[in-house]
Amino acid sequence: MATQTMGTNFPTKLATEVFSKVKDKSVLAKLGTRMPVAFTGTDVFTFSMDTDISLVGEGAAKPHNGITVTPVSIKPLKVVYQGRVTNEFLYASEEDQISITKDFTDGFAKKLASGLDIMAIHGKEPASGAASQLIAHCFDDDVTNSVLYSSATGGDMAIESAVALLGNYDPTGLAISKAFAGILAAETEKNGPSKFPELKWGGQPGVLRGMNCGVSSTVGTENYAIIGDFDAFRWGHAKEITMEVIQFGNPDNALNGDLKATNQVMLRCEAYVGFGILDPAAFAKVVPAASV
């Protein structure tokens, strides 16, 4: 199959722009810690010291305190987005080709961003919305600390209760669903002012009450909010993001068949994305009553 690749036909800048835009669109990419992920997978070792330090008297034996080491494996998952365009694309000026590919990679960046959240939060295949056997761990399944939202106590107190479930972890970030952002935006202090004016009119604050914050529909209907130490969530990509212009064959198994026969070419972007929750206890969720 003859293809034209990004590396030989288009500026490399296009590929780097894809992931710079991901961070602006995904709550997990924004709040979590990005790391290199090997194509064969990466193991991140977490360890805990089992006791406090020991006081040792003069001449006394030193005790065994103990260390617990647990590996978390982060395996890259292959994701793809592709679409057919007429083969006039091949005859367009170089400037027009670059414009088309920039639009396509920009769209891929947004889909990749929301896809990261859908996979890592819900364990679902983004295109179908169905649970995926390829995803071993996700926030919905692994994070058991949860607080049930009640309109009687309000969203502010629900978040406060979730923080109390984090134990020794200090929260560094807050991911909020758009539905819950609307609830928080409507809450007021006893003397009248809004508690969260930053969230009014669909606001997208990067910081809320001094904490890093992300608002997105990808947090889902199952969750109102996820709060925690987001250094315990790692994500990254393996290899380079590739873009291909495919001229022959039927690469999407479409009913209209061969590309050459139908005067079409296929634009395809691929990426290998890995993610892992190092310790589910570092997070807590605020959930609506319908999720319980």
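Residues numbered from 1 in each chain as written. Predicted model: local features only at pLDDT ≥ 70, side-chain atom pairs only at ≥ 80, totals over all residues. Heavy atoms only, no water.

## Digging into the overall build of the protein chain
When helices and strands are counted, the protein chain shows 8 helices and 13 strands. Put simply, the protein chain has 292 residues, and 44% of those count as buried. Pairs at least 24 residues apart make up 75% of the contacts formed inside the protein chain by residues separated by at least 6 positions. (Helix = DSSP H or I, 4+ residues; strand = E, 2+ residues; numbered from the N terminus. Buried < 20%, exposed > 50% of the residue type's maximum accessible area, 1.4 Å probe, protein only. Contact = heavy atoms within 4.5 Å.)

## Digging into the packing of aromatic side chains
Enumeration according to the criterion identifies 7 aromatic pairs in this entry. Through pairs of rings, three or more aromatic residues link up here, namely Phe139, Phe230, Phe233 and Phe283. (Phe/Tyr/Trp six-rings, centres within 6.5 Å; stacked < 30°, edge-to-face > 60°.)

## As for the nonpolar core
In a soluble, globular protein the nonpolar side chains are often hidden away together inside. Judged by nonpolar contacts, the single largest core of 39 residues is most densely connected at Leu28, Phe139, Phe233, Phe275 and Phe283. For this core, the secondary-structure elements that each account for two or more residues are α3 (27-31), β5 (77-86), α4 (88-91), α5 (94-122), β11 (233-246) and β12 (264-277). Setting aside residues no more than four positions away along its own chain, Phe283 makes contact with Phe139, Val143, Asn145, Leu166, Ile226, Ile227, Gly228, Asp229, Phe230, Ala232, Phe233 and Ile277. In terms of nonpolar packing, the next biggest core, distinct from the first, is built from 23 residues, Val147, Ile176, Tyr224 and Val286 among them. (Core = buried A, V, L, I, M, F, W, Y, C linked by side-chain atoms within 4.5 Å.)

## Observations regarding the pattern of salt bridges
This model, assessed by the stated rule, comprises 8 salt bridges. Linking Arg84 and Asp252 is a salt bridge whose minimum nitrogen-to-oxygen distance equals 2.8 Å. Here Arg84 is found in strand β5, whereas its partner Asp252 is found in the loop between β11 and β12, with 168 residues between them in sequence. Salt bridges sharing partners connect three or more residues here, namely Asp156, Lys195 and Arg209. (Salt bridge = Lys/Arg side-chain N within 4 Å of Asp/Glu carboxyl O.)

## Let's talk about the sheet that holds strand β7 (residues 173-176)
Read across the sheet, 6 strands follow the order β6-β13-β10-β7-β9-β8 without closing on themselves; strand pairing throughout is mixed. On the outer flanks of this sheet lie β6 (146-148) and β8 (207-208), each paired with one strand and no other. The sheet contact formed by β7 and strand β9 (residues 211-215) spans 4 bridges and is parallel. Looking across to β9, one finds that Gly173 is bridged to Asn212. Strands β6, β7, β10 (225-228) and β13 (283-287) of the sheet are contacted by helix α7 (residues 154-164), whose axis makes an angle of about 150 degrees with β13. Docked against the sheet, helix α8 (residues 178-186) engages β7, β9, β10 and β13, running at close to 105 degrees with respect to β7. (Pairing = 2+ DSSP bridges. Axes fitted to C-alpha atoms, helices over the stretch in contact; angles between N-to-C directions.)

## Overview of the environment of Trp235
The residue Trp235 is located in strand β11 in this model. What makes Trp235 buried here is its relative accessible area of 1%. Spatially, the C-alpha atoms of Trp235 and Val273 are 7.4 Å apart, while their sequence positions differ by 38 residues.

## Description of the confidence of the model for the protein chain
Per-residue pLDDT for the protein chain averages 81, and the proportion of residues at 70 or more is 78%. In this model, residues 1-12 is a region of pLDDT below 50 whose contacts with residues beyond four sequence positions or in other chains number 27 contacts. (pLDDT = per-residue confidence, 0-100.)

## Brief notes about α8
Buried within α8 are the following residues: Phe180, Ala181, Leu184 and Ala185. Angular distribution of buried residues about the axis of α8 spans 145 degrees; they occupy a single face of the element. (Arc of directions from axis to C-beta.)

## Notes on α7
Where α7 is concerned, the buried positions are Gly154, Gly155, Asp156, Ala158, Ile159 and Ala162. Buried residues along α7 sit in contact with β6, β7, α8, β10 and β13.

## Focus on unusual backbone geometry
One non-glycine residue, Trp201, lies in the positive phi region at around 55 degrees. Among the secondary structure elements, Trp201 is positioned in the loop between α8 and β8. For Trp201, a relative accessible area of 91% translates into the label exposed. In this structure, Arg209 takes a positive phi of about 50 degrees despite not being glycine.

## Description of the pairing of β12
Burial runs high along β12: 14 of the 14 residues are buried. The two faces of β12 match: Gln264, Met266, Arg268, Glu270, Tyr272, Gly274 and Gly276 on one face and Val265, Leu267, Cys269, Ala271, Val273, Phe275 and Ile277 on the other face are all buried.

## Some remarks on the side chain of Ser26
Position of Ser26 among the secondary structure elements: in the loop between α2 (13-25) and α3. The class for Ser26 is buried, based on a relative accessible area of 2%. At 3.3 Å, the side chain of Ser26 and the backbone nitrogen of Leu28 are in polar contact. Separated by 2.6 Å, the side chains of Ser26 and Asp117 make a polar contact. Look past the residues within four positions of Ser26 in its chain and what remains in contact with it is Ala113, Leu116 and Asp117. (Polar contact = N/O pair within 3.5 Å; in protein donor to acceptor, adjacent residues only side chain to side chain.)

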